[in-house]
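Given next are the chains, with one letter for each unit.
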Amino acid sequence: MKAVKFTLSGKNAFFKKPEVNTYYYFTFGQIHKVALLGMFGAILGYDGYAQKKWTRDVCALALLQYYSEADHVEPEFYEKLNKLHISIVPQNERGYIPKKVQLFNNSVGYASGEQGGNLIVKEQWLENPKWDI
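Read on for an overview of the structure. No experiment lies behind these values; they were computed from the predicted model shown. (Residues numbered from 1 in each chain as written. Predicted model: local features only at pLDDT ≥ 70, side-chain atom pairs only at ≥ 80, totals over all residues. Heavy atoms only, no water.)

1. With respect to the sheet that holds strand β8 (residues 130-132)
Line of reasoning, step 1. Spatial ordering of the open sheet is given by β1-β8-β5, a layout of three strands whose pairing is antiparallel. Each edge of the open sheet carries a strand with a single partner, namely β1 (7-9) and β5 (89-90).
Line of reasoning, step 2. Note that β5 and β8 share two bridges and pair antiparallel. From the neighbouring strand, Val89 faces β8, where its bridge partner is Asp132. (Pairing = 2+ DSSP bridges. Helix = DSSP H or I, 4+ residues; strand = E, 2+ residues; numbered from the N terminus.)

And the structure:
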């Protein structure tokens, strides 16, 4: 068996949680396997969610995946890489990555139906994350 080890780090990171309240978008505290697989898939040139042909039949199958294990609709990167064994080791002090709330404006006209078309976004971001993968 062969292994590859590398360090992944940055100034900020955001891994959106599905829970959203009216004030903030929240982030997971650590990077997750699917995010890494998506990065590897992008490097290798595999299709992702955006390249999937979302026809009515495919959308129906995606809904059925919650009710049935058959006919899963997965992006190409996940189909090809999901069997990789991955270890994620946080390198921040005591394994904790500090979080900060970032506030920024999205002022493209289609971003918001609010008056003036200026959407004010508040996101919780990880600050200076670092992992050994």
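2. Structural notes on the side chain of Asp132
Line of reasoning, step 1. With respect to the element layout, Asp132 can be found in strand β8.
Line of reasoning, step 2. The class for Asp132 is buried, based on a relative accessible area of 14%.
Line of reasoning, step 3. Within polar-contact distance, the side chain of Asp132 engages the side chain of Thr7 at 2.8 Å.
Line of reasoning, step 4. Polar side-chain contacts of Asp132 include one of 3.2 Å to the side chain of Gln91. (Buried < 20%, exposed > 50% of the residue type's maximum accessible area, 1.4 Å probe, protein only. Polar contact = N/O pair within 3.5 Å; in protein donor to acceptor, adjacent residues only side chain to side chain.)

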